[in-house]
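# Topology and contacts: notes
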Amino acid sequence: MSDQIKFIVDNLNKEPFRKNYNLITFDSLEPMQLLQILNDVLAEIDPKQVVDIREEMPEHTAKRMLSLLGILKYKPPGNATDMSTFRQGLVIGSKPVIYPVLHWLLQRTNELKKRAYLARFLIKLEVPSEFLQDETVADTNKQYEELMEAFKTLHKECEQLKTSGFSTAEIRRDISAMEDEKDQLIKRVERLKKRVETVQNHQRMLKIARQLRVEKEREEFLAQQKQEQKNQLFHAVQRLQRVQNQLKSMRHAAADAKPESLMKRLEEEIKFNSYMVTEKFPKELESKKKELHFLQKVVSEPAMGHSDLLELESNINEINTQINQLIEKKMMRNEPIEGKLSLYRQQASIISRKKEAKAEELQEAKEKLASLEREVSVKTNQTREFDGTEVLKGDEFKRYVSKLRSKSTVFKKKHQIIAEFKAEFGLLQRTEELLKQRHENVQHQLRTIEEKKGISGYSYTQEELERVSALKSEVDEMKGRTLDDMSEMVKKLNSLVSEKKSALAPVIKELRQLRQKCQELTQECDEKKSQYDSCAAGLESNRSKLEQEVRGLREECLQEESRYHYTNCMIKNLEVQLRRATDEMKAYVSSDQQEKRKAIREQYTKNITEQENLGKKLREKQKAVRESHGPNMKQAKMWRDFEQLMECKKQCFLKQQSQTSIGQVIQEGGEDRLIL
């Protein structure tokens, strides 16, 4: 929480806010002031949020802030119940609600500015489906969606151009400079052409100059290729030399090394690495974890005032006095067993510290050796760059030859001595093997004799008893020495404690006086601080009033500017209309028939006459239709009746067909008879 507040205060003190807060003043702000700060931050992200919340209802303020936070995709912590508490906290200006919002907004201000700018154009207006049934509304909505998609593509292209590293101002400056250079070169070429035209065979000379320029460019290109190939050759030679040196070192190590030495070296490295992994690094890691835990604990605690610091200092002093008393009591007891154990503990701690120091020294030596090897390789490469290896001359070469001769004689002597040692080593090794065999035979005979006598293991127990007695005598001697050392150490510590007490007495008196002065100064500081806070609050209120006045004046200025631009646009529209009217009058008054035909009045009169003629034709057609409407309706009715009559005859014919299939109908004398 303290890191969060510190981050908020640091960002509010920077541009563009410049609030000049510290942790104490910011933590002592009222809810209304916190809401105003939150509103200022939101106004920096979206200029539409520039509002004085004292002149706005709390519900409207919370609704406006919640809508903007929803657009910015802020997710408050918790579930639905926490959402209700978040809304209530935003209305009342609660610190646990406002601080995370401010921290989140100030962390990503530029990103949120971009999101708020895009939200003005990309949040789609939901149009009800019943309104979309209208063709004009549907066309307008379709056009709106097309414009939104076009804005998306244009914004993406704009962002790509911004991130591409090209600046329009720089490009324009470069283009203008190149155009100026082009004009200067054109003028210079024209002057040179005028000069050359007077010279004989100037065409041939120009051709030769072109060829010379082409050859020079080719020469530069070849020189560049040559330099690149030289660099590649130099790098290849360096790589070859490094590989050859590595091969020589590996061959030398393989020639001089023996399995025993290699195993010994590997065992030493394994011991060192295992010590570093199992002892040193875990201790360092544990200490770092403890330090991190302590720092996190300190960070998680709230900001401490002067009274809290004084209380902690008093607690520390009390604990220190208790520790000193316990140490004195322990020294007064002077228990011999604890003293011996403490001595062994001290020796063990000293040995462990020495071990850690030696390990660190070994690590530093290894790092130093690696750095020296790198420096040697660099120096050898530098010497090879300056014409290869060194060449010995004169006396240096003679001294070098004499050294080689002396070394060869010494080598021969040493080699002879080594051969003698090897022969002697072989003899000793053989005698050792023989003695071991004899010892094993004697031990075997001794065991068999002990088993016969019934006292098996007697020799082994005798050896163990002798060894234990020797160890006991050594421990007794060490105990006597340690008791004498401890008694002398206790006397020295008592004398040192008495001396330190006598030396600290005047310092304690001075410390009491200084504490009284410190209390007086803290009281005076608190009074001055309260005066400063009251003065700062008054100045802050005056500043807010002045900012409100400035904001109002800026809004008036913007309104006047918009009115001015609107009137200018209206004036331009009226000028265009007046120009069109004057052109129309000129065309109408002129005697030229073609210009008269171009006039809008003539065009409109022509269209009016055409429409009148078309209206007359349509009226005549309507009159003819009205006159023929009655007879046509009668004829249509007669056709429908005729159709019904024919349908009826069809049905009768079908019935007659069906009856003839059953029997025969005979009509005679007005009677109908059916014969089956």
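Use the structure listed above.
Since the structure is predicted, the reported quantities are computational estimates derived from the model, not experimental observations. (Residues numbered from 1 in each chain as written. Predicted model: local features only at pLDDT ≥ 70, side-chain atom pairs only at ≥ 80, totals over all residues. Heavy atoms only, no water.)

### Focus: the pattern of salt bridges
Let me state the cut-off plainly: A pair is scored as a salt bridge if a Lys or Arg side-chain nitrogen falls within 4 Å of a carboxyl oxygen belonging to Asp or Glu. For the purposes of this entry, the term helix denotes a DSSP run of H or I that reaches at least four residues, the term strand denotes a run of E that reaches at least two, and both are numbered from the N terminus. Only protein chains enter the area calculation, which uses a 1.4 Å probe; residues under 20% of their type maximum are buried, those over 50% are exposed, and those in between are partly exposed.
This model, assessed by the stated rule, comprises eleven salt bridges. Across the pair Glu560 and Arg563 runs a salt bridge, and its minimum N-O distance is 2.9 Å. In this pair, Glu560 and Arg563 are both assigned in helix α15 (residues 458-589), three residues apart and thus about one turn of the helix distant. Using a relative accessible area of 45% as the deciding quantity, one classes Glu560 as partly exposed. Several salt bridges converge on common partners, so that one network encompasses Glu540, Arg543 and Glu547.

### As for the packing of aromatic side chains
In plain terms, the rule: Paired rings are identified among Phe, Tyr and Trp, the last through its six-membered ring, by centres lying within 6.5 Å, and are further divided according to the angle between planes into stacked (under 30 degrees), edge-to-face (over 60) and tilted (the rest).
Applying the stated criterion to the full structure yields three aromatic pairs. With a centroid separation of 6.3 Å and an interplanar angle of 55°, the aromatic rings of Tyr117 and Phe151 are classed as tilted. Taken as a pair, Tyr117 in helix α7 (residues 109-122) and Phe151 in helix α8 (residues 135-163) lie far apart in primary sequence, 34 residues in all. Judged by its relative accessible area of 36%, Tyr117 falls in the partly exposed class.

### Looking at a negative patch on the surface
Here is the rule we go by: Only residues whose relative accessible area exceeds 30% and that form no salt bridge are eligible for patches; like-charged ones are grouped when within 9 Å, while nonpolar side chains (Val, Leu, Ile, Met, Phe, Trp, Tyr) are grouped when within 5 Å. Accessible areas in this description were obtained via Shrake-Rupley with a 1.4 Å probe; residue shielding takes into account the shown protein chains only. Positive: Lys, Arg. Negative: Asp, Glu. His and the chain ends are not part of the count. In plain terms, the charge of a residue is placed at NZ if it is Lys, CZ if Arg, CG if Asp and CD if Glu.
Negative charge collects at one region of the surface, where Glu179, Asp180, Glu181 and Asp183 lie side by side. Along the polypeptide, Asp183 turns up in helix α9 (residues 168-197).

### A word on the side chain of Lys19
Here is the rule we go by: Identification of polar contacts relies on pairs of N or O atoms within 3.5 Å, with a donor-acceptor requirement for protein atoms, meaning one able to donate a hydrogen and the other able to accept it, and with residues adjacent in sequence counted only if both atoms are side-chain atoms. Only heavy atoms enter the contact rule, under which two residues are in contact if any of them lie within 4.5 Å.
Checked against the element boundaries, Lys19 lands in the loop between α1 (2-13) and α2 (23-27). Here Asp40 takes part through its side chain, which lies 3.2 Å from a polar atom of the side chain of Lys19. If we ignore the near neighbours within four places in the chain, the residues touching Lys19 are Leu12, Asn13, Asp40 and Arg543.

### With respect to helix α3 (residues 31-45)
Where we set the bar: An expected span of 1.5 Å times one less than the residue number is assigned to each helix.
Here α3 contains 15 residues, and its C-alpha end-to-end distance of 21 Å stays within 8% of the 21 Å for a straight helix at 1.5 Å per residue. Among the 15 residues of α3, eleven are classified as buried, and the element is accordingly described as predominantly covered. All buried positions along α3 are accounted for by Leu34, Leu35, Gln36, Ile37, Leu38, Asn39, Asp40, Val41, Leu42, Ala43 and Ile45.

### Considerations on a nonpolar patch on the surface
On the surface, Val127, Phe131 and Leu132 cluster together to form a nonpolar patch covering roughly 230 Å² of accessible area. Residue placement: Phe131 occurs in the loop between α7 and α8.

### Notes on α7
The end-to-end C-alpha distance of α7, which contains 14 residues, comes to 20 Å, matching closely the 20 Å that a straight helix rising 1.5 Å per residue would cover. Three or more residues of α7 are buried, namely Thr109, Leu112, Ala116, Leu118 and Ala119.

### Topic: the nonpolar core
Operational definition: In plain words, nonpolar cores are sets of buried Ala, Val, Leu, Ile, Met, Phe, Trp, Tyr and Cys residues tied together by side-chain atoms within 4.5 Å.
Ranked by size, the top nonpolar core spans 33 residues in total, and within it Leu12, Phe26, Leu38, Leu72, Leu102 and Leu105 carry the most contacts. Among the secondary structure elements, those contributing two or more residues to this core are α1, α3, α4 (58-71), α5 (80-92), α6 (95-107) and α7. If near-sequence neighbours (up to four positions away) are discounted, Leu38 is found in contact with Met65, Leu90, Ile98, Val101, Leu102 and Leu105.

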